[in-house]
Amino acid sequence: MALKVLMVCLGNICRSPLAEGILQSKVDPTLVFVDSAGTGGYHVGERPDERSIEVAAKYGLSIGHQKCRKLTSSDLDTFDLIYVMDQSNYRNTIALAKNQRQRAKVRLLLNEISVETNEVPDPYYGGQDGFEQVYRLIDAACETIAKRLQNKA
């Protein structure tokens, strides 16, 4: 059975779709299943933000097929690891946890690498440069995660 990893941000249109696509590109899909969700249900059923789709395409990844969905309490049972993009996402995800086992699954994505911040900035209100910065941060963290997951699988 594949290890299940969930990437979480606020709206599931900018950061977590990128994280889903990036991590998927770095792991064996028969060993690791990757999905994404948002803590807010603002964009359920929509495609990721066009700027996320564009920056992913620039690096050879296709994420336009993804559909935004809202994080549910059952996700804390279904997934083995849940990576959140910032402290707000962390608090909202932890609030759904029913026990310590579920809480232990939730981690800040950037805690996987050594950077000045542990929060992936939300690029939604910024320009394309913000999406480029977010891509690079997520890519670095996913590289570390993928190596660890491949060793476990």
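Scroll up for the structure.
Everything numeric in this text was worked out from a predicted model, so none of it was measured.

What counts and how
- Residues numbered from 1 in each chain as written.
- Predicted model: local features only at pLDDT ≥ 70, side-chain atom pairs only at ≥ 80, totals over all residues.
- Heavy atoms only, no water.
- Helix = DSSP H or I, 4+ residues; strand = E, 2+ residues; numbered from the N terminus.
- Rg over C-alpha atoms; globule rule 2.2 N^0.38 Å.
- Buried < 20%, exposed > 50% of the residue type's maximum accessible area, 1.4 Å probe, protein only.
- Contact = heavy atoms within 4.5 Å.
- Pairing = 2+ DSSP bridges.
- Right-handed = clockwise from strand over helix to strand, strands pointing away.
- Axes fitted to C-alpha atoms, helices over the stretch in contact; angles between N-to-C directions.
- Expected span 1.5 Å × (residues − 1).
- Core = buried A, V, L, I, M, F, W, Y, C linked by side-chain atoms within 4.5 Å.

Draft legend 1. Structural context of the overall build of the protein. From N to C terminus, the protein includes 6 helices and 4 strands. Start at the N end of the protein and walk to the C end: the helices and strands fall as β-α-β-α-α-β-α-α-β-α. For 153 residues, the compact-globule formula gives about 15 Å, and the C-alpha radius of gyration of the protein, at 14 Å, lands near that figure. Taking the principal axes of its C-alpha atoms as reference, the protein extends roughly 40 × 35 × 30 Å. Counting all 153 residues of the protein, 49% fall into the buried class. Of the contacts made within the protein by residues no fewer than 6 positions apart, 74% connect residues no fewer than 24 positions apart.

Draft legend 2. Structural detail: the pairing of strand β1 (residues 3-9). Judged by how many residues are buried, β1 sits mostly within the fold: 5 of 7 residues are covered. Of the strand pairs in this sheet, β1 and strand β2 (residues 32-38) are connected by 7 bridges, and their pairing is parallel. Among the inter-strand pairings, C9 is bridged to a residue of β2, identified as G38. Each parallel crossover has a hand, and for β1 linked through helix α1 (residues 15-26) to β2 it is right-handed. When β1 meets strand β3 (residues 81-84), the two strands line up parallel, connected through 4 bridges. Residue pairing for β3: M7 is matched across the bridge by Y83.

Draft legend 3. Quick look at the sheet that holds β1. The 4 strands lie next to each other as β2-β1-β3-β4, forming an open sheet whose pairing is parallel. Sheet topology places β2 and β4 (106-108) at the edges, where each strand pairs with a single neighbour. For this sheet, the mean angle separating the axes of adjacent strands, direction not counted, is 25 degrees. Pairing of β3 with β4 involves 3 bridges; the strand directions are parallel. Its bridge partner being in β4, V84 is matched across the sheet by L108. Along the sheet, helix α4 (residues 87-94) makes contact with β1, β3 and β4, crossing β4 at roughly 175 degrees.

Draft legend 4. How the structure looks around α1. The terminal C-alpha atoms of α1 lie 17 Å apart, and with 12 residues this matches the ideal 16 Å at 1.5 Å per residue to within 8%. Extensive coverage of α1 is indicated by the burial of 9 of its 12 residues. Where α1 is concerned, the buried positions are R15, S16, P17, L18, A19, E20, G21, I22 and L23.

Draft legend 5. Expanded view of the nonpolar core. V5, M7, L18, L23, M85, L109 and I138 are the most contacted members of the largest nonpolar core, which totals 35 residues. When contributions to this core are tallied by element, the ones reaching two or more residues are β1, α1, β2, α2 (50-58), β3 and α6 (128-152). Of the residues forming this core, the biggest block, 10 residues, is contributed by α6. With residues near it in sequence (within four places) discarded, I138 still touches R15, L18, A19, I22, M85, L109 and V120. Of all hydrophobic cores here, the second largest spans 12 residues; its members include L6, V8, A37 and L71.

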